Amino acid sequence: MPPLIDSTLPHKPVHFSSTTITELMIPSYANFGGKIHGGILLSLMDKVAYVCAAKHAGNYCVTASIDTVNFLQPVEVGELVSLMASVNYVGKTSLVVGIRVISENVKANVVKHTNTSYFTMVAKDENNQPVEVPALLLETHEQVRRFEEARRRKLEKQMHQAQAKSIKAGFDLEYCRKNLDGERCVISLKD
Ligand SMILES: CC(C)(COP(=O)(O)OP(=O)(O)OC[C@H]1O[C@@H](n2cnc3c(N)ncnc32)[C@H](O)[C@@H]1OP(=O)(O)O)[C@@H](O)C(=O)NCCC(=O)NCCS
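Residues numbered from 1 in each chain as written. Predicted model: local features only at pLDDT ≥ 70, side-chain atom pairs only at ≥ 80, totals over all residues.

Under the annotation held in an unreviewed UniProt entry, the protein carries the name Acyl-CoA thioesterase and is attributed to Mucilaginibacter mali. Regarding the protein, the relevant UniProt record gives this comment under Sequence similarities (unreviewed entry): "Belongs to the acyl coenzyme A hydrolase family." (UniProt positions renumbered as here; feature names shortened; annotations may be inferred.)

Right, here's the structure in full:
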């Protein structure tokens, strides 16, 4: 249990909102192949991201975006899935929650890392408007590294979005035809 912290402070340490959820994977979570549905894991990740973000923000939060979900290994019925979430980065009204997911077979004493993802959450006020969140107190080298990595990911995403916008605005069929040569598609336009 972390020590009690005055939640009205202008900044909060990472441990104030760090959250772990552990859930047993029951048969109704499985797909036709007998493995756990990716959607079940996504739902649990969204849940832990919300808890972590809302604790830091001291407000209701919504999920704005999710960065990269790679399912590294399948999860089996009967395993215990633990989701460890902490605030990695804080903007003005948004914050990034990093989530590490592991799955444990307690009988075989095997622990698998199944995925790591980053959820951007936005704090909302009672009028459903984005509201400022407290700054993040960084107390370890790892926390500083995570903050900087998240800041860079945010900048790269903004650059990528600007590029995508300019490609859309300057769509050139002949350029695409050349670029798509060798790809597994057939261009047969009907418009
Ligand atoms: C996400 C949302 C709050 C953004 O609202 P907005 O009025 O566009 O707000 P702003 O443009 O002022 O952005 C607010 C913050 O969100 C961030 N943000 C907005 N869209 C984002 C996105 N797609 N990815 C990451 N961050 C995003 C902005 O960078 C900004 O951060 P900052 O204040 O730390 O600089 C709004 O679009 C929303 O409520 N979406 C629905 C969310 C929801 O229902 N989620 C559940 C999933 S179904």
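Caption draft 1: Molecular detail of the overall build of the protein. Looking only at helices and strands, the protein has 4 helices and 7 strands in total. Walking the protein from its N terminus toward its C terminus, one meets helices and strands in the order β-α-β-α-β-β-β-β-β-α-α. Here the C-alpha radius of gyration of the protein, 21 Å, is well above what a compact globule of 191 residues would show, namely 16 Å. By its C-alpha atoms, the protein is 65 × 45 × 35 Å across when sized along the principal axes. Burial analysis of the protein (191 residues in total) assigns 26% to the buried set. (Helix = DSSP H or I, 4+ residues; strand = E, 2+ residues; numbered from the N terminus. Rg over C-alpha atoms; globule rule 2.2 N^0.38 Å. Buried ≥ 20, exposed ≤ 12 C-beta atoms within 10 Å, placed from the backbone.)

Caption draft 2: Expanded view of helix α3 (residues 141-169). Compared with an ideal rise of 1.5 Å per residue, which puts 29 residues at 42 Å, α3 spans 42 Å between its outermost C-alpha atoms and is within 8% of the ideal. For α3, the tally of buried residues reaches only 2 of 29 residues, placing the bulk of the element at the surface. (Expected span 1.5 Å × (residues − 1).)

Caption draft 3: Representation of the site of the ligand. In the vicinity of the ligand, the contacting residues are Val62, Thr63, Ala64, Ser65, Gly91, Lys92, Thr93, Ser94, Thr120, Val122 and Pro130. Of all the elements in the fold, those that place two or more residues in the shell around the ligand are β3 (60-67) and β6 (110-124). Among the elements that take part in the shell around the ligand, β3 stands out by supplying 4 residues, more than any other. Looking at the shell around the ligand, its residues break down into 4 nonpolar, 6 polar and 1 charged. (Near = placed C-beta within 6 Å. Nonpolar A, V, L, I, M, F, W, Y, C, P; charged D, E, K, R; others polar.)

Caption draft 4: Here's a closer look at the sheet that holds β6. Across the sheet, 5 strands lie side by side as β2-β4-β5-β6-β3; this open sheet has antiparallel pairing. Across the chains shown, the open sheet's two edge strands, defined by having one partner strand only, are β2 (19-24) and β3. Pairs of neighbouring strands in the sheet enclose a mean axial angle of 30 degrees, with direction left out of account. In this sheet, β6 lies alongside β3 in antiparallel orientation, the contact comprising 7 bridges. Residue pairing across strands places serine 65 opposite threonine 120, the latter belonging to β6. Along the sheet face, α3 touches β3, β4 (80-90), β5 (94-105) and β6 and points at about 75 degrees away from the line of β4. (Pairing = 2+ DSSP bridges. Axes fitted to C-alpha atoms, helices over the stretch in contact; angles between N-to-C directions. Contact = placed C-beta atoms within 7 Å.)

Caption draft 5: Inspection of the pairing of β6 at higher detail. In this sheet, β6 lies alongside β5 in antiparallel orientation, the contact comprising 12 bridges. Within the sheet, the bridge partner assigned to asparagine 105 lies in β6 and is valine 110. Count of turn residues in the β5/β6 antiparallel hairpin: 4 residues, of which asparagine 109 carries a positive phi of about 55 degrees.

Caption draft 6: Quick peek at the UniProt feature "coiled-coil region" (unreviewed entry) in the protein. The UniProt record marks residues 138-165 with the feature "coiled-coil region" (unreviewed entry), using the residue numbering of this structure. The span residues 138-165 is 89% helical and 0% strand by assignment, and the distance between its end C-alpha atoms comes to 35 Å.

Caption draft 7: Structural context of the nonpolar core. With 32 residues, the main nonpolar core has Met45, Ala49, Leu95, Val97 and Ile99 as its most contacted residues. Broken down by secondary-structure element, the contributors of at least two residues to this core are α2 (38-57), β4, β5 and β6. Apart from the residues within four sequence positions on either side, methionine 45 is in contact with Leu83, Ile99, Val101, Ser117 and Phe119. (Core = buried A, V, L, I, M, F, W, Y, C linked by C-beta atoms within 7 Å.)

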